[in-house]
Amino acid sequence: DKATNPLNKDLDWDGINAFCEQLNKELEGPPLATRLLAHKIQSPQEWEAIQALTVLESCMKSCGKRFHDEVGKFRFLNELIKVVSPKYLGSRTPEKVKSKILELMYSWTLGLPHEVKISEAYQMLKKQGIVKCDPKLPDDASFPPPPPRPKNIIFDDEEKSKILARLLKSSHPEDLRAANKLIKEMVQEDQKRMEKISKRVNAIEEVNNNVKLLTEMVTNYSKGETTESNEDLMKELYQRCERMRPMLFRLASDTEDNDEALAEILQANDNLTQVINLYKQLV
């Protein structure tokens, strides 16, 4: 909010750098950051959207591969495409914002050729005629060498790190084999943790999307006037919401060690319960 505040007279570089730092520190930084940025980039206020794009550009230059991978997913790229496409928000988005998005996407196709989906998304915009010709890039658009690898969370386990350091200093082959095994175990633990986080973020997003749609439909429901197909869709959404409740309970019991994530799950569960009760009451 600080880095994209529409009341900022100039770019708030302290806020922008703080956002990048926070993103690097948090295990869930990249998926959370892309969701927050997508929301701000779609702001109807030009200055807020431009600031959000500057934050995005800074993160791409200083936050490394984990963030690049998240931006390189269609889930985020589609949010950018919505802003430039006349089918979605393009017709009411200021030209300056659209130009900046196309400039960024083009610079990423050059600077991050291994992020294939970025290139695919950009080529699709060309085919649709949204990109008439490649934009001219400013001199500072190129990517700097990747930053030093941030201290990995898997090596934050002090006990294991001490053991690992001792094993790696040893010249005995069996100690080095043990070190290798320990590193593999630590990496696997980290992967499992990342999978859990990804599963949780996707599940909450799915719940929120279904809740939003069913709430809209139930609010506009009128007995005898709502079409049969809409009634069927509402019923299907209601059943889907019911099926999601046990999934949220399972997620909550898996997330006891993270208060913030638990609060998100409980909030999603409250929203789910409210819309289920509303459907039962009105429909």
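Sequence order sets the numbering: in each chain, residues are counted from 1 along the sequence as written. Predicted model: local features are reported for residues with pLDDT of at least 70 only, side-chain atom pairs are reported and counted for 80 or more only, and whole-chain, interface and lining totals are derived from all residues. Think of the side-chain values as coming from all heavy atoms in the structure, minus any hydrogens and water.

1. Considering the overall build of the protein chain
Helix and strand definitions here come from DSSP, where helices need a minimum of 4 consecutive H or I residues and strands a minimum of 2 consecutive E residues; each element is numbered from the N-terminal end. If you tally the helices and strands in the protein chain, you get 11 helices and 0 strands. Along the chain direction, N to C, the helices and strands of the protein chain fall in the order α-α-α-α-α-α-α-α-α-α-α. Dimensions of the protein chain, computed from C-alpha atoms along their principal axes, come out at roughly 80 × 50 × 35 Å. Considering the protein chain as a whole, with its 283 residues, one finds that 39% of them fall into the buried category. Positive: Lys, Arg. Negative: Asp, Glu. His and the chain ends are not part of the count. For this purpose, a charge sits on NZ of Lys, CZ of Arg, CG of Asp or CD of Glu. Across the protein chain, the centroid of the 43 positively charged side chains sits 3 Å from that of the 46 negatively charged ones. Note on exposure labels: buried denotes an accessible area under 20% of the residue type's maximum, exposed denotes more than 50%, and partly exposed covers the range between, all computed with a 1.4 Å probe on protein chains only.

2. With respect to the UniProt feature "domain: VHS" (unreviewed entry) in the protein chain
Listed under "domain: VHS" (unreviewed entry) in the UniProt record, and renumbered for this structure, are residues 3–133. Helix makes up 69% of residues 3–133 and strand 0%, and the two end C-alpha atoms of the span are 31 Å apart. UniProt positions are given in the numbering used here, feature names are shortened, and annotations may be inferred rather than shown by experiment.

3. Section: the side chain of Glu103
The residue Glu103 is located in helix α6 (residues 95–111) in this model. By relative accessible area, which is 16% here, Glu103 ends up buried. In this structure, Glu103 is in contact with Pro135, Lys136, Leu137 and Pro138, ignoring residues within four places of it in sequence. Whether two residues are in contact is decided by their heavy atoms, any of which lying within 4.5 Å being enough.

4. Focus on the packing of aromatic side chains
Each aromatic ring pair is characterised by the separation of its centres together with the angle its planes make. Each Phe, Tyr or Trp ring, with Trp reduced to its six-membered ring, pairs with another whose centre is within 6.5 Å; inter-plane angles below 30 degrees give stacked pairs, above 60 give edge-to-face pairs, and intermediate values give tilted ones. For the structure on display, the rule yields 2 aromatic pairs. Their ring planes at 15° and their centres at 4.4 Å tell us that Tyr238 and Tyr279 sit as a pair that is stacked. Note that Tyr238 is positioned in helix α10 (residues 228–254) and Tyr279 in helix α11 (residues 259–282), a separation of 41 residues in sequence. The two residues Tyr238 and Tyr279 agree in class, both being buried.

5. A closer look at the pattern of salt bridges
Close approach of charged atoms allows side chains with opposite charge to pair. We define a salt bridge as a contact between a side-chain nitrogen of Lys or Arg and a carboxyl oxygen of Asp or Glu at a distance within 4 Å. Summed over all chains, the structure comprises 17 salt bridges. Measuring nitrogen to oxygen at the nearest pair gives 3.0 Å for the salt bridge that ties Asp12 to Lys2. Placement of the pair is Asp12 in the segment before α1 (13–25) and Lys2 in the segment before α1, with a sequence separation of 10 residues. You can call Asp12 buried: its relative accessible area is 16%. Residue Lys2 is classed as exposed on the basis of its relative accessible area of 55%. Between Arg75 and Glu205 there is a salt bridge, and its shortest N-O distance comes to 3.7 Å. Of the two residues, Arg75 is situated in helix α5 (residues 74–84) and Glu205 in helix α9 (residues 173–219); the sequence distance between them amounts to 130 residues. A residue is classified by how much of its surface remains accessible, and Arg75, at 34% relative accessible area, is partly exposed.

6. Some remarks on the packing of α5 against helix α7 (residues 116–127)
Packing of α5 against α7 brings their axes to within 10 Å, and their N-to-C directions diverge by 25°. Taken together, the axes of α5 and α7 are roughly parallel relative to one another. Note on packing geometry: the crossing formed by α5 with α7 is right-handed. Taken together, the residues of α7 that come into contact with α5 (itself represented by Phe74, Leu77, Ile81 and Val84) are Lys117, Ile118, Glu120, Ala121, Met124 and Leu125. Of the residues contributing to the contact of α5 with α7, the split by class is 8 nonpolar, no polar and 2 charged. Where helices are involved, their axes are fitted lines through C-alpha atoms of the stretch in contact, as for all axes, and angles between N-to-C directions lie from 0 to 180°. Orientation labels follow simple angle bins: below 35 degrees gives roughly parallel, above 145 gives roughly antiparallel, 65 to 115 gives roughly perpendicular, and whatever is left gives oblique. It is the rotation of the near helix from the far one that decides the hand of a crossing: anticlockwise by less than a right angle makes it left-handed, clockwise makes it right-handed. Following the grouping adopted for this structure description, the nonpolar residues are Ala, Val, Leu, Ile, Met, Phe, Trp, Tyr, Cys and Pro, the charged ones are Asp, Glu, Lys and Arg, and the polar ones are all others, Gly among them.

7. Here's the deal with helix α2 (residues 29–41)
Here the expected length of a helix is defined as 1.5 Å per residue gap, with one fewer gap than residues. With 13 residues, α2 extends 18 Å from end C-alpha to end C-alpha; this agrees with the ideal 18 Å at 1.5 Å per step. Along α2, the residues that are buried comprise Gly29, Pro30, Pro31, Ala33, Thr34, Leu37, Ala38, Lys40 and Ile41. Tucked into the core, α2 has its buried residues touching α1, α3 (46–62), α4 (64–71), α5 and α6.

8. Some details on a negative patch on the surface
On the surface, Glu26, Asp259, Glu260 and Glu264 cluster together into a patch of negative charge. Within the fold, Glu26 resides in the loop between α1 and α2. Here, patches come from residues exposed beyond 30% relative accessible area and free of salt bridges, joined within 9 Å for like charges and within 5 Å for nonpolar side chains (Val, Leu, Ile, Met, Phe, Trp, Tyr). Using a 1.4 Å probe, accessible areas were evaluated by the Shrake-Rupley method; residue-level cover was limited to the displayed protein chains.

9. Topic: the side chain of Asn210
Here Asn210 is to be found in helix α9. A polar side-chain atom of Asn210 sits 2.8 Å from the main-chain carbonyl oxygen of Glu206. In this view, Asn210 contacts Leu237, Arg240, Cys241 and Met244; residues no more than four positions away in its chain are not counted. Polar contact is the term for a pair of N or O atoms within 3.5 Å; when the atoms are in protein, one must be able to donate a hydrogen and the other to accept it, and sequence-neighboring residues count only if both atoms are side-chain atoms.

10. Regarding the environment of Gln267
You can see Gln267 is positioned in helix α11. A C-alpha to C-alpha distance of 9.5 Å links Gln267 and Ile204, two positions 63 residues apart in sequence.

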